[in-house]
Amino acid sequence: MIGFKSVRRVALAALLMGSVSVQALAADAPAPVTVLKAARMFDAAAGKIVSPGVVVVQGDKILASGPTAKLPDGAKVIDLGDATLTPGFIDSHVHMSGQDNGDWYKGFFDNLMQHPPELALRATAYTKAMVEAGFTTVRDLGDSDYISLGLRNAIKSGAVEGPRMLVANYAIGSTGGHADQDPIRPDILAQATPIKGVCNGPEECRAAVRYQMKYGADVIKFMPSGGVLSLADPVDVPQLTQEEMNAIVSEAHAWKRKVAAHCHGDLAAKMAIKAGVDSIEHGTFLQEDTLKLMKEKGVYLVPTLFATYWVGGHADEYPPAIAAKARAAAAQSQKMFSWAVKAGTKVAFGTDAAVEPHGQGAKEFSLMTSAGFTPVQALQAATVNAADLLGVSADSGTLDSGKRADIVALPGDPTKDITVTEHPKLVMANGKIVRE
Ligand SMILES: [Zn+2]
């Protein structure tokens, strides 16, 4: 058997040789230049459509953009005609490691029986569907067995097709809460501990955060309130103490990680805001004073309207305890969103994809506009705002030069018909055309 040290030496040598040849290649041949042309483009920072749309791309970066951008000699020009170029969409709330299959009981059984490698292989179809739908960056807010972490790394290395991913690893919450396993008999399923995100008391909760960061979490997700799709807990009551929430948020912020709080309930959201959280996810039962407080403190709302709309429409498929929560959430989410619009709360686009099938997330745009957003506000939520929340504004969220070449071409004009977001004409992700 070959020793560990020699394996490491061989791997290191291969790595060095690989990097030398890639660098030599890059020095010899500059990446080809591609120009995307269309009737219009969306200036996400200014919140307006400009005409015509021109984006010059070299390799994985935007070289220049705007109506007066020069077309370099020898560039390949793709003329998309009556279309609008927008920055690649950002979904701030997804779960790439799984997907509802329309049969809750079968899904529950499959989750128990399928091993992580099978789940990961199946998930490569979800990441492909996601990026082909125009979502070039996603934030994965919780999974099991580090499947999303593996997807993130495999996509980054080019081995798997998908969007750039930021991942949370295990979501953090209390015993019996929304981050815990369903109440399967304890003699059959071992109790989850802080390494799997389940914690009781501030010190365990600090440890839970540290474990997620140790294994590569880009963001921390925690569960101040109950959830819709869990069997044991009420949806709206707080599931962590103020001290536990303070510990989670301060520990993540110490490592400069953002913190996303899953909150349906109003009191739990108030406690999470007090702890200094960066975003409230879902926010279904938030009251108007809480949404105003978020506006004051600059806390983002990620409303996931599509998820509540979906579970409301499919409530009959769930066990009775979940069905009742799904109906209550669906009845409230659009009303809550209209209050957020009135209060001027910052909104970042997020769908909770996995609850509904991956690749259909653009439906969130029209749910936003039907509850009070203009099409421009909805597009900004999925571009500049989401980039700000995720901390990726330096390379995403607009079509400015120097940013990642993440570009979507929509047929027609999305400010006249927002549903065109559901049928992109072309998607470029990190400089590569993945749909046309
Ligand atoms: Zn979620």
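Each chain carries its own residue numbering, running from 1 in the direction its sequence is written. Two thresholds apply to this predicted model, a pLDDT of at least 70 for residue-level local features and 80 or more for giving and counting side-chain atom pairs, whereas whole-chain, interface and lining totals are computed over all residues.

1. Quick notes on the overall build of the protein
Logical step 1: By the criteria applied, helices consist of DSSP H or I runs no shorter than four residues and strands consist of E runs no shorter than two, each listed in order from the N terminus. Across its full length, the protein holds 12 helices and 17 strands.
Logical step 2: In this description the radius of gyration comes from C-alpha coordinates, and the expected globular size is given by 2.2 Å times residues to the power 0.38. The C-alpha radius of gyration computed for the protein amounts to 22 Å, which stays within 12% of the reference 22 Å derived for 436 residues, consistent with globular compactness.
Logical step 3: Overall, the protein is about 65 × 65 × 40 Å in size when its C-alpha atoms are taken along their principal axes.
Logical step 4: Here the C-beta atoms are placed from the backbone, and a residue counts as buried if at least 20 other C-beta atoms lie within 10 Å of its own, exposed if 12 or fewer do, and partly exposed otherwise. The burial tally for the protein puts 50% of its 436 residues in the buried class.
Logical step 5: The contact criterion used is a C-beta to C-beta distance within 7 Å, with each C-beta placed from the backbone. When contacts within the protein are restricted to residue pairs at least 6 apart in sequence, those whose partners lie at least 24 apart make up 69%.

2. Some details on the sheet that holds strand β10 (residues 164-167)
Logical step 1: At least two DSSP bridges between two strands are needed for those strands to be called paired. The sheet built from 3 strands is open, its strands ordered β8-β9-β10 with parallel pairing. Edge strands, defined here as strands with exactly one partner in the open sheet, are β8 (89-94) and β10. If you compare each strand with its neighbour and ignore which way they point, the axes differ by 15° on average.
Logical step 2: Summarising the sheet, strand β9 (residues 135-140) and β10 pair through 4 bridges and their orientation is parallel. For D140, the partnering residue across the bridge sits in β10 and is V167.
Logical step 3: Interaxial angle, 0 to 180 degrees, is taken between N-to-C directions of lines fitted to C-alpha atoms, where a helix line uses only the stretch in contact. Strands β9 and β10 of the sheet are contacted by helix α4 (residues 147-157), whose axis makes an angle of about 150° with β10.
Logical step 4: Strand contacts of helix α12 (residues 375-390): β8, β9 and β10, with the helix running at about 50° to β8, the strand carrying the most contacts.

3. Focus: the domain arrangement of the protein
Logical step 1: When the domains of the protein are assigned, the result is domain 1 (33-88 + 398-435) and domain 2 (89-390).
Logical step 2: One C-alpha centre belongs to domain 1, the other to domain 2, and the line joining them spans 30 Å.
Logical step 3: At the junction of the two partners, domain 1 supplies 22 residues and domain 2 supplies 21 residues.
Logical step 4: Elements supplying a minimum of two residues to the side of domain 1 that touches domain 2: β7 (83-87), β16 (426-429) and β17 (432-435). Note that the domain bounds were set by an automatic or database domain assignment.

4. A closer look at the environment of G98
Logical step 1: Structurally, the position occupied by G98 is in the loop between β8 and α2 (104-113).
Logical step 2: Linking G98 and V167, residues 69 residues apart in sequence, is a C-alpha distance of 14 Å.
Logical step 3: Not counting the four nearest positions on each side in its chain, G98 is found in contact with L119 and A354.

5. Some words on the pairing of β7
Logical step 1: Counted residue by residue, β7 has 5 buried out of 5 residues, so it is predominantly covered.
Logical step 2: Two elements, β7 and strand β15 (residues 407-411), share 5 bridges in a ladder whose sense is antiparallel. Counterpart to P87 in the pairing with β15 is I407.

6. Observations regarding the environment of F222
Logical step 1: With respect to the helices and strands, the residue F222 is situated in strand β11 (residues 219-222).
Logical step 2: For F222, a count of 36 C-beta atoms within 10 Å puts it in the buried group.
Logical step 3: Considered as a pair, F222 and D82 are 140 residues apart in the sequence and their alpha carbons are 44 Å apart.
Logical step 4: Every residue in contact with F222, bar those within four places of it in the chain, is listed here: A171, I172, G173, I248, V259 and A261.

7. Re the sheet that holds strand β14 (residues 300-302)
Logical step 1: Strand order in the open sheet formed by 4 strands is β11-β12-β13-β14, with parallel pairing between adjacent strands. Strands with a single pairing partner mark the edges of an open sheet, and in this sheet they are β11 and β14. Taking the axes of each pair of neighbouring strands and ignoring which way they run, one obtains an average angle of 25° across the sheet.
Logical step 2: Inspection of the sheet shows strand β13 (residues 279-282) paired to β14 by 3 bridges, in the parallel sense. For E281, the partnering residue across the bridge sits in β14 and is V302.

8. A closer look at unusual backbone geometry
Logical step 1: For the bond running from S51 to P52, omega is -5°, close enough to zero to count as cis.
Logical step 2: Following the sequence through the fold, P52 ends up in the loop between β3 (48-50) and β4 (53-58).
Logical step 3: One non-glycine residue with positive phi stands out, namely D352, at about 65°.
Logical step 4: Its location among the elements puts D352 in the loop between α10 (320-343) and α11 (363-370).
Logical step 5: Classification of D352 by C-beta neighbours within 10 Å gives buried; the count is 28.

9. Some points on helix α5 (residues 202-214)
Logical step 1: Between its first and last C-alpha atoms α5 spans 18 Å; for 13 residues at 1.5 Å apiece the expected length is 18 Å, and the two agree.
Logical step 2: Buried residues of α5: C205, R206, A208, V209 and Q212, and no others. Along the axis of α5, the buried positions cluster into a sector of 155°, meaning they face one direction only.
Logical step 3: As for α5, its buried residues are in contact with β11 and α6 (242-254).
Logical step 4: Positive backbone phi, at 95°, marks G216, one or two positions downstream of α5. Expected span of a helix: the number of residues minus one, times 1.5 Å. Relevant arc is that of directions from the helix axis to the C-beta atoms, nothing else.

10. Let's talk about the nonpolar core
Logical step 1: Core membership is restricted to buried Ala, Val, Leu, Ile, Met, Phe, Trp, Tyr and Cys residues, and these are joined into a nonpolar core through C-beta atoms within 7 Å. Formed by 125 residues in total, the largest nonpolar core has its most connected members in V55, I172, I220, I248 and A272.
Logical step 2: When residues in this core are grouped by element, the largest group, 9 residues, is from α12.
Logical step 3: Residue contributions to this core reach at least three from each of two domains, namely domain 1 (33-88 + 398-435) and domain 2 (89-390).

11. Quick notes on the environment of K325
Logical step 1: Mapping K325 onto the fold places it in helix α10.
Logical step 2: For the pair K325 and R164, spaced 161 residues apart in sequence, the C-alpha to C-alpha distance is 33 Å.
Logical step 3: With sequence-adjacent residues up to four places away left out, K325 is seen in contact with V228 and V235.

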